[in-house]
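# A look at the structure
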Amino acid sequence: MVYLVGAGPGDPGLITVKGMDCVRKADVIVYDRLVHPALIAEKRPDAEVIYVGKAAGAHSMSQDEINRLLIEKARQGMLVVRLKGGDPFVFGRGGEEAEALAEAGVEFEIVPGITSAIAAPAYAGIPVTHRGLCSALGIVTGHEDPTKARSDIKWSSIATGLDTIVFLMGVENLPKIVAELVKNGRDPSTPVAVVRWGTRSEQQTVTGTLANIVDKATEAGISAPAVTVVGNVVNLREKLRWFDNKPLFGKKVLVTRSRDQAGVLSEALREQGAEPIEFPVIRICPPSSFDEVDAALDRVAEYDWLLFTSANGVGSVIDRLAELGRDVRSLAGPKIGAIGPATADSLARLGLKVDYVPSKFVAEAVVDEFPENPVGKRILILRAEEAREILPERLAELGASVDVVAVYRTDIESSDTVRVKEMLSSGEIDIITFTSSSTVANFVKLIGESGAVCLPDKVKIACIGPITARAVEECGLRPDIVAEEYTIRGLVAAIRVALSA
Ligand code: SAH
């Protein structure tokens with residue numbers, strides 16, 4: 001079985017639900033140049049991936065070779081996903097591949113995608129049709145060989161017969177396209193936009209008219225891949241621009257949290273227009289031993305307070321209870337405190353009422369704002385193995401009787417270090433985010449040379465709070481941005497403020 005799947009125009013969120021299902025279940029994925037790497041990352045760990053696009057300096061696979069490859073893999077009984085940029089049937093040669101499969105008697109399905117012809121203008125704030133401005137839209141190849149004696153494009157009809165014309169593959173041919181349109185009667189004052197890398201954080205847009213767009217595009221150094229939009233709808237960009245004016249537009253931000261937790265930060269960054277690059281450096285693991293955890297879980301009713309210091313701690317306790325054939329009822333008795341809103345949220349989602357959340361999410365504030373006199377109170381702190389001692393120490397100093405149990409530990413994650421090192425040294429990454437001291441330590445272990453990290457000047461380091469910032473300083477780095485509210489939202493807000501300053 002072969003699925004010809006449209007991967008969408010670039011933004012990895014713009015693949016269809018069905019397309020994503022195909023990627024996740026494929027035995028083999030055959031993809032080309034314009035497919036975003038984040039989509040390939042969704043593959044099954046054991047899936048085979050074959051790149052058939054043009055590699056720098058190397059030759060790309062011919063269409064015949066690609067067709068043969070698809071047929072051969074399908075005949076081996078594999079579930080093949082042929083992943084193509086945009087829509088497979090819009091200048092994607094998907095039709096030819098489907099023909100070859102049909103002729104070979106190989107079963108196939110087409111999963112349409114969002115074409116760049118519509119999406120790149122949309123992300124530039126240009127609707128390709130608009131009431132009163134455009135009632136006929138055309139999508140035209142700009143790739144025709146300019147030395148060809150006769151054009152297959154009916155310039156005399158399209159130049160004036162279509163209100164909006166979108167050219168794909170046409171940047172190199174822009175002078176010829178413009179000349180043909182004007183020669184065939186289109187008004188030279190017609191607005192034109194060229195959108196490069198539409199829907200991605202690299203998106204770049206140049207606007208002008210048929211009379212001056214060639215000069216403007218050359219001046220801006222626009223090269224492929226780009227779409228060219230011709231028509232009065234281009235003027236709407238001024239009013240409808242929404243993507244490339246977001247506060248963090250175009251910024252690439254490294255997210256070092258664990259794989260499971262990265263999503264929340266990535267999403268918050270994306271909302272502000274940034275492109276998150278997930279590089280998990282920590283991994284949440286079970287504690288070295290469950291002896292103390294199990295003993296503590298048997299004694300829960302003896303405590304006045306249970307304090308959770310992270311959502312990971314909550315998850316670990318629930319997982320362990322399940323392994324023991326128990327559930328949240330085993331936490332009955334003591335009041336429950338959470339060190340921050342994310343921790344409180346994960347408790348609330350279990351149906352547990354949270355009795356205390358401090359206003360600042362560091363150990364010092366947890367102690368200062370504690371809602372009861374700690375003298376004589378029995379407190380159980382459930383936290384990571386490698387946590388700071390300050391919280392239990394301060395509570396004990398104030399007269400509480402404190403037990404500390406490590407319910408999980410963090411370990412170093414093995415990530416794509418080579419790629420991230422390259423992105424850092426080439427200046428591609430604008431900001432590095434740290435959400436805990438352990439992410440700082442592990443980042444230095446993974447990226448550093450003999451314990452030190454050398455970063456280009458333009459790279460800014462953003463920390464979730466002062467403790468993490470101190471860890472950054474201790475590694476010889478400079479924390480440029482420190483959140484005032486020690487949450488993910490606070491971190492993203494601080495980055496936004498710092499960059500607009
Ligand atoms: N099937 C694809 C088009 C493939 S032809 C689709 O439906 O989008 C390749 C051309 O598509 C490029 O030369 C460029 O003109 C356009 N293109 C693809 N992705 C693009 C993007 N993100 N931004 C601008 N143009 C893009």
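Our structure is the block above this text.
### Some points on the overall build of the protein chain
Within the protein chain, the regular secondary structure consists of 19 helices and 20 strands. Taking the principal axes of its C-alpha atoms as reference, the protein chain extends roughly 95 × 55 × 50 Å. Each of the 501 residues in the protein chain was classed as buried or not, and the buried ones make up 50%. In the protein chain, 67% of the contacts between residues at least 6 apart in sequence involve partners at least 24 apart. Accessible area of the protein chain: about 23,400 Å², with a carbon and sulfur share of 51%. Within the protein chain, one finds 56 positive and 68 negative side-chain charges whose respective centroids are separated by 4 Å.

### A few points about unusual backbone geometry
Cis geometry is found at the peptide bond from Ala224 to Pro225, where omega equals -5°. If you trace the backbone, Pro225 turns up in the loop between helix H8 (213-220) and strand E10 (226-230). You will see that Phe91, though not glycine, has its phi angle at about 45°, which is positive. Mapped onto the secondary structure, Phe91 falls in the loop between strand E4 (80-84) and helix H4 (94-104). For Arg93, which is not glycine, the phi torsion reads 60° and is therefore positive. Within the element layout of this structure, Arg93 appears in the loop between E4 and H4. For Arg93, a relative accessible area of 45% corresponds to the partly exposed category.

### A closer look at the sheet that holds strand E2 (residues 28-31)
Strands pair in a sheet through their backbones, by hydrogen bonds, and they do so in one of two ways: parallel or antiparallel. What the five strands build is an open sheet, ordered E3-E2-E4-E1-E5; its pairing is parallel. A strand with exactly one partner marks an edge of an open sheet, and here the two such strands are strand E3 (48-51) and strand E5 (108-111). For this sheet the average axis-to-axis angle between neighbouring strands, irrespective of direction, equals 15°. In terms of strand pairing, strand E1 (residues 2-6) meets E5 through four bridges, oriented parallel. Bridge pairing in E5 links Val2 to Phe108. In the packing of helix H3 (residues 63-75) onto the sheet, contacts are made with E1, E2, E3 and E4, and the angle to E4 comes to roughly 150°.

### Some words on the pairing of strand E8 (residues 191-196)
Of all six residues in E8, six are buried; the element is thus mostly enclosed. Because side chains alternate across E8, one face comprises the buried residues Pro191, Ala193 and Val195, and the other comprises Val192, Val194 and Arg196, equally buried. Looking at chain direction, E8 and strand E9 (residues 204-209) are connected through six bridges and run antiparallel. Along E9, the bridge assignment pairs Val192 with Gly208. Judged from the five bridges that link them, E8 and E10 form a sheet pairing that is antiparallel. Pairing of Arg196 across the sheet is with Ala226, part of E10.

### Re the sheet that holds E8
With mixed pairing, five strands are arranged side by side in an open sheet as E6-E7-E10-E8-E9. Edge positions in the sheet fall to strand E6 (137-141) and E9, since each has one partner strand and no second. For this sheet the average axis-to-axis angle between neighbouring strands, irrespective of direction, equals 20°. Of the strand pairs in this sheet, strand E7 (residues 164-168) and E10 are connected by three bridges, and their pairing is antiparallel. Within the sheet, the bridge partner assigned to Ile165 lies in E10 and is Val230. Sheet strands touched by helix H5 (residues 116-123): E6, E7, E8 and E10. Its angle to E10, the strand with the most contacts, is close to 80°. Here helix H7 (residues 174-183) sits on the sheet and contacts E7, E8 and E10; the angle it forms with E7, its principal contact strand, is near 155°.

### Remarks on the pattern of salt bridges
Considering all chains together, one arrives at 36 salt bridges under this definition. Measuring nitrogen to oxygen at the nearest pair gives 2.7 Å for the salt bridge that ties Asp294 to Arg320. With Asp294 in helix H11 (residues 291-298) and Arg320 in helix H12 (residues 311-323), the pair connects residues that are 26 residues apart, well separated along the chain. Put simply, Arg349 and Asp345 hold a salt bridge, and the shortest N to O gap is 2.9 Å. Its relative accessible area of 39% is what places Asp345 among the partly exposed residues. Members of the salt-bridge network, linked through shared partners, are Arg259, Arg283, Arg409, Asp411 and Glu413.

### Some points on the environment of Cys22
Relative to the helices and strands, Cys22 is located in helix H1 (residues 17-25). Linking Cys22 and Leu83, residues 61 residues apart in sequence, is a C-alpha distance of 9.4 Å. When near neighbours in sequence (up to four residues on either side) are disregarded, Cys22 contacts Tyr3, Val5, Val81 and Val111.

Rules behind the numbers
- Residues numbered from 1 in each chain as written.
- Predicted model: local features only at pLDDT ≥ 70, side-chain atom pairs only at ≥ 80, totals over all residues.
- Heavy atoms only, no water.
- Helix = DSSP H or I, 4+ residues; strand = E, 2+ residues; numbered from the N terminus.
- Buried < 20%, exposed > 50% of the residue type's maximum accessible area, 1.4 Å probe, protein only.
- Contact = heavy atoms within 4.5 Å.
- Areas by Shrake-Rupley, 256 points an atom, 1.4 Å probe, with all protein chains shown as cover.
- Lys, Arg positive; Asp, Glu negative; His and termini not counted.
- Charge placed at Lys NZ, Arg CZ, Asp CG, Glu CD.
- Pairing = 2+ DSSP bridges.
- Axes fitted to C-alpha atoms, helices over the stretch in contact; angles between N-to-C directions.
- Salt bridge = Lys/Arg side-chain N within 4 Å of Asp/Glu carboxyl O.

Keep in mind that these numbers describe shape and distance, not what the molecule does.
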